[in-house]
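Residue strings, one per chain:
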Amino acid sequence: MIWLRSTIYYLCILLFALIVSALAGPVWGLSMAAGILGIATAFHLYNLARLLRWMKNPRVDNVPGSFLLWQDVFDRLYEQVRNQRKTQDRLAHMLERFTSAGEALPDGVIMLDEHDRVEWCNQAASQHLGIDRVTDIWQIVTNIVRQPSLREYLRMQDFAHPLMLRTTRPQEQVLSVQLVPFDTTRKLLLSRDITQLDRVQTVHRDFIANVSHELRTPLTVVGGFIETMIDMPDLEEATRRQQLQLMYDQTQRMQRLVDDLLTLSRLENGQQMKEEEVDVPQLMRLMHDEAVGLSQGRHEVRIGTLAPARLIGNHDELHSAFGNLVSNAIRYTPQGGVITINWVVDHEQPVFSVQDTGIGVAPEHVPRLTERFYRVDRGRSRSTGGTGLGLAIVKHILQRHQAQLAVKSRLGEGSEFSVRFPPHRLLAD
């Protein structure tokens, strides 16, 4: 409607000029009309110049002010600029919220253009794939992550299936990477750290394979002897007794394996632990007697330091954990070796330890000793009657008691397994 008001404004000026011309005469009237039109034109040019000056730096706080028609124009401009500023602030706030949400995602997000160049990535993607969010922007992602499988995946643009990517930089991990298109040219490359899941699956596969392997040997032995007895009913008594003894030994081995599996399952299920006062010195003497019986005179088993401290925990679980450590020391110590068990209080922390003069463990094996069925020497472990689950059981029992297991060992010089309990489990006298 501004153009209509402007037309009416000019018609009023022209009508005023005609009236003046009629009253003052043609000459004076035309002169005054020309002057009025000149003043009006100058007024418009002046305001037009102010408008052009403002357009070079349009802000809400510097919109010009005027009167008549130009005041309406500037008021409209002020309203539009203010609305535009509100829209920009709202969009900037939304963009900031989306960016913050992208940064908070545990999964990596990389925005790629049509040439697979990195436009933006969040912190998780930077950690997963080693992308520098300053220097690597607008670089082709396959030049940063040099994985032939990723290059082929991007070339194929298989949006339906993720890619399993194993990386070693900045650390060894397994990633699930998937490409997702979100407009005509751009794509999102999503990455998820599935290292722990991959480890669980690997442990599960190894567990099934190891259990099958551990059970196959005794079942084969027992089945073979049974088949022999069926085919040879008149077997000599001495031979029959020997085979029955071997079958009994193998069934006992399977029973120990099943018992250990059930114990490990119970511990892993997180059942509530019954806590009680544990007389550790009495438990140490009991384990000493059990160790002497297990050794059968082949080793010197002795109690070193025996503090009178008692512990808050579960007696049966601690007996199982400590007993596993002592029996391992006996199994892996040659005849004539020395096994020493200790119970001390170090800086208000109760510590149980087992020292032996056995064969020792190489440093590369120490971090994996508590894995299920992990054995340094498989043949020796089976010959000594181990199931491969003892230290896994120890680990879970100690976790339930908030204790830590430390291993010191050198090949040919023996080992020391120590268990350090938190101070709050020490029972004050």
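It should be noted that the structure appears before, not after, this text.
Treat the numbers as computed from the prediction; the structure is a model and nothing was measured. (Residues numbered from 1 in each chain as written. Predicted model: local features only at pLDDT ≥ 70, side-chain atom pairs only at ≥ 80, totals over all residues. Heavy atoms only, no water.)

Here we look at the overall build of the protein
We apply this condition: A run of H or I in DSSP counts as a helix once it spans at least four residues, and a run of E counts as a strand once it spans at least two, with each numbered from the N terminus. Exposure classes here rest on a 1.4 Å probe applied to the protein chains alone. A residue is buried below 20% of its type maximum, exposed above 50%, and partly exposed in between. Here, two residues are considered to be in contact whenever any of their heavy atoms come within 4.5 Å of each other. Here, Shrake-Rupley sampling with a 1.4 Å probe gives the accessible areas, and only protein chains in the shown set may cover a residue.
Across its full length, the protein holds twelve helices and 13 strands. Per-residue burial over the protein gives 36% buried out of 429 residues. Looking at the protein alone, contacts between residues at least 24 apart form 57% of all its contacts between residues at least 6 apart. Total accessible area computed for the protein in this model is approximately 25,900 Å², and 57% of it derives from carbon and sulfur atoms.

Concerning the packing of helix H10 (residues 315–331) against helix H12 (residues 390–400)
Note the threshold: Inter-axis angles, ranging from 0 to 180 degrees, are taken between N-to-C directions of lines fitted to C-alpha atoms, where helices are fitted over the stretch in contact. Note on convention: near helix rotated counterclockwise from far helix by under a right angle means a left-handed crossing. Clockwise means right-handed. When residues are sorted by character, Ala, Val, Leu, Ile, Met, Phe, Trp, Tyr, Cys and Pro go into the nonpolar class, Asp, Glu, Lys and Arg into the charged class, and all the rest, Gly among them, into the polar class.
Here H10 crosses H12 at 140°, and the two axes come no closer than 9 Å. Once H10 is placed against H12, the crossing between them reads as left-handed. Only Gly 390, Leu 391, Ile 393, Val 394, Ile 397 and Arg 400 of H12 make contact with H10, whose side of the interface consists of Glu 317, Leu 318, Ser 320, Ala 321, Asn 324, Leu 325 and Asn 328. Classifying every residue of the contact of H10 with H12 gives seven nonpolar, four polar and two charged.

Regarding the nonpolar core
Condition: We call a set of buried Ala, Val, Leu, Ile, Met, Phe, Trp, Tyr and Cys residues a nonpolar core when their side-chain atoms join them within 4.5 Å.
Ranked by internal contacts, the top residues of the largest apolar core, which has 41 residues, are Leu 325, Trp 343, Phe 352, Val 354 and Phe 421. Listing elements by their share of this core, those giving two or more residues are helix H8 (237–268), helix H9 (280–295), H10, strand E9 (338–346), strand E10 (349–356), H12 and strand E12 (414–420). If we ignore the near neighbours within four places in the chain, the residues touching Val 354 are Leu 325, Val 326, Ala 329, Ile 339, Thr 340, Ile 341, Ser 415, Glu 416 and Phe 417. With 19 residues, the next largest nonpolar core counts Leu 129, Ile 131, Leu 150 and Leu 179 among its residues.

Things to note about the sheet that holds E9
In a beta sheet, neighbouring strands pair by backbone hydrogen bonds and run either parallel or antiparallel. For clarity, the threshold we go by: Each pair of strands is called paired provided DSSP finds at least two bridges between the two strands.
Reading across from one edge, E7-E9-E10-E12-E11 is the order of the five strands in this open sheet, with mixed pairing throughout. Edge positions in the open sheet fall to strand E7 (300–306) and strand E11 (404–410), since each of these has one partner strand only. Taking each pair of neighbouring strands and ignoring which way they run, the sheet shows an average axis angle of 15°. Its contacts with the sheet put H10 on E9, E10 and E12, and the angle it makes with E10 is roughly 20°.

Some remarks on the packing of aromatic side chains
Applicable threshold: In this analysis, rings of Phe, Tyr and Trp, with Trp reduced to its six-membered ring, are considered paired at centre separations within 6.5 Å, and the interplanar angle assigns stacked below 30 degrees, edge-to-face beyond 60, and tilted for intermediate values.
Going through the model one piece at a time under the given rule, you end up with three aromatic pairs. When the centroid spacing of 6.2 Å and the interplanar angle of 80° are considered together, the rings of Phe 322 and Phe 421 count as edge-to-face. Of the two residues, Phe 322 sits in helix H10 while Phe 421 sits in the loop between E12 and strand E13 (426–427), which places them 99 residues apart along the sequence. An aromatic cluster is defined as three or more aromatic residues linked by ring pairs; in this entry it consists of Phe 322, Trp 343, Phe 352 and Phe 421.

Description of the pattern of salt bridges
Heads up, the rule is: In the sections that follow, a salt bridge refers to a side-chain nitrogen of Lys or Arg positioned within 4 Å of a carboxyl oxygen of Asp or Glu.
Scanning all chains against the criterion turns up 15 salt bridges. For Glu 237, the salt bridge is made with Arg 241, and the minimal N-O distance between the two is 3.4 Å. Of the two residues, Glu 237 and Arg 241 are both situated in helix H8; the distance of four residues between them amounts to about one turn of the helix. Between Arg 420 and Asp 346 there is a salt bridge, and its shortest N-O distance comes to 3.1 Å. A residue pair is termed long-range when its members are at least 10 positions apart, and Arg 420 in strand E12 and Asp 346 in strand E9 qualify at 74 residues. Here the residues in one salt-bridge network are Glu 119, Asp 183 and Arg 186, joined through shared partners.

Some thoughts on a nonpolar patch on the surface
What counts, and what does not: Only residues whose relative accessible area exceeds 30% and that form no salt bridge enter a patch; like-charged residues are grouped when within 9 Å of one another, and nonpolar side chains (Val, Leu, Ile, Met, Phe, Trp, Tyr) when within 5 Å.
On the surface, a nonpolar cluster with roughly 390 Å² of combined accessible area is contributed by Leu 45, Leu 48, Leu 52 and Met 55. Taking the relative accessible area as the measure of exposure, Leu 45 reaches 53% and is therefore exposed.

Comments concerning H8
Defined as follows: Between the first and last residue of a helix there are one fewer steps than residues, each counted as 1.5 Å, and that sum is the expected span.
Compared with the 46 Å implied by 1.5 Å per residue over 32 residues, the 46 Å span of H8 between its first and last C-alpha is a close match. Listing the buried residues of H8 in full gives Gln 243, Met 247, Gln 250, Arg 253, Met 254, Leu 257, Leu 261, Leu 264 and Leu 267.

Quick notes on the pairing of strand E8 (residues 310–313)
Side-chain alternation along E8 places Leu 311 and Gly 313 on a buried face and Arg 310 and Ile 312 on a face that remains uncovered. Pairing of strand E6 (residues 276–278) with E8 involves three bridges; the strand directions are antiparallel. What sits directly across from Val 278, in E8, is Leu 311.

Quick look at unusual backbone geometry
Positive phi is not limited to glycine here, since Gln 296 has a value of about 55°. With respect to the helices, strands and loops of the structure, Gln 296 is situated in the loop between H9 and E7. Its relative accessible area of 68% is what places Gln 296 among the exposed residues. With a phi close to 55°, His 347 is a non-glycine residue in the positive phi region. Looking at the element boundaries, His 347 is found in the loop between E9 and E10. By relative accessible area, His 347 is classed as exposed at 72%.

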